[in-house]
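Chains, contacts and geometry: an overview
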Amino acid sequence: MTESLAQLEAELMPGLAERDEKSFNRLVQTYYGSMLGLARTIVGEAIADEVVQEAWVSIYRALPKFEGRSSLKTWILRITANEAKTRLRKESRTISLEQFDNGGEGILANRFNNQGAWQAPPGAWHEESPETLLINTEMGDCIEHTLHHLPDLQQAVFALKDLDGNSFEAICNILDISSSNARVLLHRARVSLFGKIEHFQETGEC
Amino acid sequence: MLKCKQIVAQASEYIDGDMGLLQKFRFQFHLAMCVHCRRFVKNFTAGIEMIKRLPYDDVSQEQIDCVHRRIAQSKHSR
Ligand SMILES: [Zn+2]
């Protein structure tokens, strides 16, 4: 968590303990986006907003009991994740669990020869800096599309780490997974997204 | 020496600064010898950095109002 967020939480805490409306509004404004980003990965776009709304009701009720063992943000995201999982269970859906049996090269696995050296090495990209890469909105849409088709937990870990900047420690707490699983899931997601960006760079298509 | 495949498998640990000294040394040694993996790590890092810049949507006043309505309702229903 960034220093400014930690500071904001420290400022809001006294008011929140008494359910002061202004402080609560600040809290909603600050974390709604992160919660929505997380909820989407677990329950999908259509009902993510509803799950976040429901999570706020739980958060509002539980606020006086918040003990500060984690940051407020981690606690809020954990409640959101649990709300989303409960919602899945109600609809008889479950988070897809993954086997971690093959290596860490994911969708790039068939790019190597038997000796584990590149058979189809990566090509040079036309634009290599993040700033110029992002100019292309079609690629942005393509990445979003790809992200939402990754397995649920991969999406969730990726959103929490690379889009929302949470630490591995916080992510394990939020999703109830081990830190080694979190690392594997993150890498898988990144490799898949990388594969897509590479494809886009080469063909101009998603 | 590490294989190219292992470089790909360990790339996230490398760019997240999650490696011990020896592992990092072996990783960097491979990069020094292998132009393909240098390019891979460069592109992989650029790709992730780009994605990190995708913005989260801003919260609208309507969404905030909706939270308040939900909380008010839940008080009544208890
Ligand atoms: Zn190599």
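Because the structure is predicted, anything quoted here is derived from the model rather than measured.

1. A closer look at the pattern of salt bridges
In total, this model carries 12 salt bridges over all chains according to the counting rule given. Close ionic contact of Glu54 of chain A with Arg70 of chain B constitutes a salt bridge, the shortest N to O distance being 2.7 Å. Taken as a pair, Glu54 of chain A in helix H3 (residues 45-62) and Arg70 of chain B in helix H4 (residues 61-76) lie in two separate chains rather than in one. A relative accessible area of 31% means that Glu54 of chain A is categorised as partly exposed. One connected set of salt bridges, linked through shared partners, spans Glu50, Arg87 and Glu91 of chain A.

2. Some remarks on the domain arrangement of chain A
All names here are of chain A. As assigned here, chain A comprises domain 1 (3-90) and domain 2 (106-203). With 13 residues of domain 1 in contact, the opposing surface of domain 2 contributes 13 residues. With both sides pooled, the region where domain 1 packs onto domain 2 buries about 1,100 Å², and carbon together with sulfur makes up 53% of that total. Its largest share of buried area at the contact with domain 2, domain 1 owes to Thr41, Thr74 and Arg78, together 44% of the area lost on that side. Where domain 1 touches domain 2, the interface holds 2 salt bridges. Between Asp176 and Arg78 there is a salt bridge; the shortest N-O distance is 3.5 Å. Counting across the domain 1 and domain 2 interface gives 5 residue pairs in polar contact (both at pLDDT 80 or more).

3. Brief notes about the environment of Gly106 of chain A
Turning to its location among the elements, Gly106 of chain A is positioned in the loop between helix H4 (72-90) and helix H5 (130-134). For Gly106 of chain A and Gly195 of chain A, which are 89 residues apart along the polypeptide, the C-alpha to C-alpha distance reads 9.6 Å.

4. Some words on the coordination of the zinc ion
Looking at the zinc ion, the protein donor atoms are Cys4 of chain B (SG), His30 of chain B (NE2), Cys34 of chain B (SG) and Cys37 of chain B (SG), and they sit 2.0 to 2.4 Å from it. Given 4 donor atoms and angles of 102 to 113° at the metal, the environment of the zinc ion is assigned as tetrahedral.

5. Points about the interface of chain B and chain A
In this complex, chain B contributes 39 residues to the contact, which on the side of chain A involves 56 residues. The contact between chain B and chain A buries some 4,400 Å² in all, and 65% of this surface belongs to carbon and sulfur atoms. Together, Met50, Tyr56 and Arg70 of chain B form the three largest contributors to the area buried by chain B at its contact with chain A, with a combined 16%. Counting the contacts that link chain B with chain A gives 3 salt bridges. In this structure, the salt-bridge partner of Asp16 of chain B is Arg190 of chain A, at a minimum N-O distance of 3.1 Å.

Definitions and cut-offs
Residues numbered from 1 in each chain as written. Chains lettered and ligands numbered in written order. Predicted model: local features only at pLDDT ≥ 70, side-chain atom pairs only at ≥ 80, totals over all residues. Heavy atoms only, no water. Salt bridge = Lys/Arg side-chain N within 4 Å of Asp/Glu carboxyl O. Helix = DSSP H or I, 4+ residues; strand = E, 2+ residues; numbered from the N terminus. Buried < 20%, exposed > 50% of the residue type's maximum accessible area, 1.4 Å probe, protein only. Domains from an automatic or database assignment. Contact = heavy atoms within 4.5 Å. Buried area = accessible area lost by both parts, 1.4 Å probe. Polar contact = N/O pair within 3.5 Å; in protein donor to acceptor, adjacent residues only side chain to side chain. Donors = N, O, S within 2.8 Å, 3.2 Å for Na, K, Ca; no water. Tetrahedral: all angles 85-135°; square planar, octahedral: opposite > 155°, others 65-115°.

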